[in-house]
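Coordinates in review
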Amino acid sequence: MGWVKHVATPLRVGIVLCASAFATAGQGGDWDFEVGGEYRFLPQDPPYGVKDNVFSASVRAEYFTDWNEGNDLLEFEGFYRWSDQDENRTHGDIQELTWIHVGDRWELRSGVRRVFWGVTEFQHLVDIINQTDAVERADGEAKLGQPMVNLSLVTNLGILDLLVLTGFRERTFPGEDGWPRGTVLFSNDDADYESGRENKRVDFAARWGMSLDMWELALSYFGGTSREPEFHRYNVEGELVPFYPVIDQLGLEVQYNYDAWILKMEALSRSGMINGRYFATVLGFEYTYEGVFGSVSDVGIVSEYNYDERGEDSPSSYFLENDFALGVRWALNDEASSELLAGVIYDVETHERVLTLEASRRLGSVWKISLDATFFHSSPPPSLEDVKNGSFDPIYKLASSSHSDLVQLELVRYF
């Protein structure tokens, strides 16, 4: 296993633990593979010299095995993407490499994992365990694997998860030829930390969740290096250097299910950021019409309000500080699992808007096609001179993306 020494230190823990578990499990298990081709088209003349036609290819491998009468399990998921345009988007990641041991009313999960917290649709406010992979997706949905040890306890009052996060992973950003990009690039090579241990700091988190009749409730805590960077300085290449402060975050998730209605809320209180402790929340609902037009398909209406008390002082890349979101989800419930989600996010103060479309459908038993589109409405994109001389109003946080509308088509083959 000499190759392990070339892997980033935080990942070695998960690799070594799971390699040992794999040796214990012996051979066998199930493999799944998928290969995808993705085409991106920018229908407007994109600013800052970005190409309007981009192709990339991806491969994903998954492995699962169990032993000890199902009380020990090994899960693996690896991903790699090649891009013909953005060298930063050519990347790979171990997203899952986990040994799970199941006991009596407890589970111990050791290795590299992805953990999701949250209930809302347009913004996953309290989700903090994994770092965002911003070169893979711009909406924050793609995450990097996080090395951790997770003890999950089943109690009479719900499920308590205790997490020790063994190391930190820096956020990935699009390069000079990537999408989306603004007037100034973010550095993928330099980073500043509040912690003297930098990316070797050990973080801690806990989450308690329970179900009570039609209620789903969860309280969470995170203490450690923030996954969301701030930007305080430029490097010699003129790129903004991410700064990762040490924070603590208290989170709340509430979901109420009644008939066709789902009421949702996420809220957090976070300290350690440049503006001090702040409060943010997402409130919303989802209503589903079943069997529309006499068919088997369902249509769901989603509406949410996003509030961040930092307001204009929130990071320049942050848009959802006083905004409404409205979406329509259409599930055809057919053999091809056809789905469509269309939404709009509207800023009350600046009247900026983001329109999104996600649609997918299986083609036969081994193919799947997906369409994603994003359209921005804001003031014209600023030049670098506008930013440096202060003639651009930073309140328009979508301006640098306003001519970067995207239509993306992906075809995936499963094996």
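Residues numbered from 1 in each chain as written. Predicted model: local features only at pLDDT ≥ 70, side-chain atom pairs only at ≥ 80, totals over all residues. Heavy atoms only, no water.

**Looking at the overall build of the chain**
- Broken down by element type, the chain carries two helices and 21 strands.
- For the chain, the residues scored as buried account for 46% of the 415 residues in total.
- Look at the contacts in the chain between residues 6 or more apart in sequence, and 57% of them connect residues 24 or more apart.
- Carbon together with sulfur atoms contributes 57% to the accessible area of the chain, which is approximately 20,400 Å² in total. (Helix = DSSP H or I, 4+ residues; strand = E, 2+ residues; numbered from the N terminus. Buried < 20%, exposed > 50% of the residue type's maximum accessible area, 1.4 Å probe, protein only. Contact = heavy atoms within 4.5 Å. Areas by Shrake-Rupley, 256 points an atom, 1.4 Å probe, with all protein chains shown as cover.)

**Comments concerning the nonpolar core**
- Core analysis: the largest hydrophobic core is formed by 17 residues, its most contacted members being W117, I129, L163 and F222.
- Of all the secondary structure elements, the ones that give two or more residues to this core are β7 (158-166) and β15 (278-290).
- No other element matches β15, which puts three residues into this core.
- Contact partners of F222, with chain neighbours within four places excluded, come to I128, I129, L165, D203, F204, A205, R227, I247, D248 and Q249.
- Grouped together as the second largest cluster of nonpolar side chains are seven residues, L42, W179, L398 and L406 included. (Core = buried A, V, L, I, M, F, W, Y, C linked by side-chain atoms within 4.5 Å.)

**Here we look at the pattern of salt bridges**
- By the definition in use, this model includes 26 salt bridges.
- In this structure, R60 engages E34 in a salt bridge whose closest nitrogen and oxygen atoms are separated by 3.9 Å. Here R60 is found in strand β2 (residues 53-67), whereas its partner E34 is found in strand β1 (residues 30-41), with 26 residues between them in sequence.
- Under the relative-accessibility criterion, R60 is labelled buried at 17%.
- Here R81 ties to E410 by a salt bridge, and the two come within 3.8 Å at their closest N and O atoms. Of this pair, R81 sits in strand β3 (residues 72-83) while E410 sits in strand β21 (residues 406-414), and the two are 329 residues apart along the sequence.
- Its relative accessible area of 2% is what places R81 among the buried residues.
- Taken together, the shared-partner salt bridges in this structure form one network comprising E38, R40, R81, R89, E136 and E410. (Salt bridge = Lys/Arg side-chain N within 4 Å of Asp/Glu carboxyl O.)

**Side note on the packing of aromatic side chains**
- For the structure shown, the criterion picks out 16 aromatic pairs.
- Between W31 and F76 the ring centres are 6.2 Å apart and the planes differ by 70 degrees, which places this aromatic pair in the edge-to-face class. With W31 in strand β1 and F76 in strand β3, this residue pair connects regions lying 45 residues apart in the sequence.
- For W31, a relative accessible area of 45% translates into the label partly exposed.
- Assessed through its relative accessible area of 23%, F76 is described here as partly exposed.
- Arranged with centres 4.8 Å apart and planes meeting at 75 degrees, the rings of Y287 and Y289 form a pair that is edge-to-face. (Phe/Tyr/Trp six-rings, centres within 6.5 Å; stacked < 30°, edge-to-face > 60°.)

**A few points about the sheet that holds strand β11 (residues 230-234)**
- Across the sheet, which stays open at both edges, the three strands sit in the order β8-β12-β11 with mixed pairing between neighbours. Every other strand in the sheet has two partners, leaving β8 (192-193) and β11 as the edge strands with one partner each. (Pairing = 2+ DSSP bridges.)

**Some details on a negative patch on the surface**
- The grouping of D30, D32, E62 and D66 at the surface amounts to a negative patch.
- Listing elements by their share of the negative patch, those giving two or more residues are β1 and β2. (Patch = residues over 30% accessible without salt bridge, like charges linked within 9 Å, V, L, I, M, F, W, Y side chains within 5 Å. Lys, Arg positive; Asp, Glu negative; His and termini not counted. Charge placed at Lys NZ, Arg CZ, Asp CG, Glu CD.)

**Observations concerning the environment of W106**
- With respect to the element layout, W106 can be found in strand β5 (residues 106-113).
- For W106, a relative accessible area of 31% puts it in the partly exposed group.
- On a C-alpha basis, the gap between W106 and L153 in space is 4.5 Å, while along the polypeptide they are 47 residues apart.
- Setting aside residues no more than four positions away along its own chain, W106 makes contact with H101, L151, S152 and L153.

**A look at the confidence of the model for the chain**
- Mean pLDDT over the chain works out to 88, with 88% of the residues at or above the 70 mark.
- A low-confidence stretch, residues 1-11 stays under pLDDT 50, and its non-local contacts, those more than four residues away or across chains, total 17 contacts. (pLDDT = per-residue confidence, 0-100.)

**Topic: the pairing of β15**
- Note that strand β14 (residues 261-271) and β15 share ten bridges and pair antiparallel. Opposite S269, over in β15, you have F279 as the bridge partner.
- In this antiparallel pair of consecutive strands, β14 and β15, the connection spans six residues, and G272 shows a positive phi of 100 degrees.
- As judged from the eleven bridges shared by β15 and strand β16 (residues 298-308), these two strands associate in the antiparallel manner. Within the sheet, the bridge partner assigned to Y289 lies in β16 and is V299.

**Looking at the pairing of β16**
- Inspection of the sheet shows β16 paired to strand β17 (residues 322-331) by ten bridges, in the antiparallel sense. Looking at the pairing, D298 lines up with A331 of β17.

**Re the side chain of R113**
- With respect to the element layout, R113 can be found in strand β5.
- For the buried R113, no salt bridge is present, and the opposite-charge side chain at shortest range is E96, 4.6 Å distant.
- Side chain to side chain, R113 and N150 meet in a polar contact 3.0 Å long.
- Discounting residues that sit within four places of it in the chain, R113 has contacts with Q95, E96, T98, N130, G145, Q146, M148 and N150. (Polar contact = N/O pair within 3.5 Å; in protein donor to acceptor, adjacent residues only side chain to side chain.)

**Quick look at a nonpolar patch on the surface**
- Where nonpolar side chains cluster on the molecular surface, the patch consists of W31, F33, V35, Y39, F41, F55, V59, Y80, W82, L409 and F415 and spans about 1,000 Å² of accessible area.
- Mapped onto the nonpolar patch, the elements with two or more residues apiece are β1, β2 and β3.
- In this fold, F41 is placed in strand β1.

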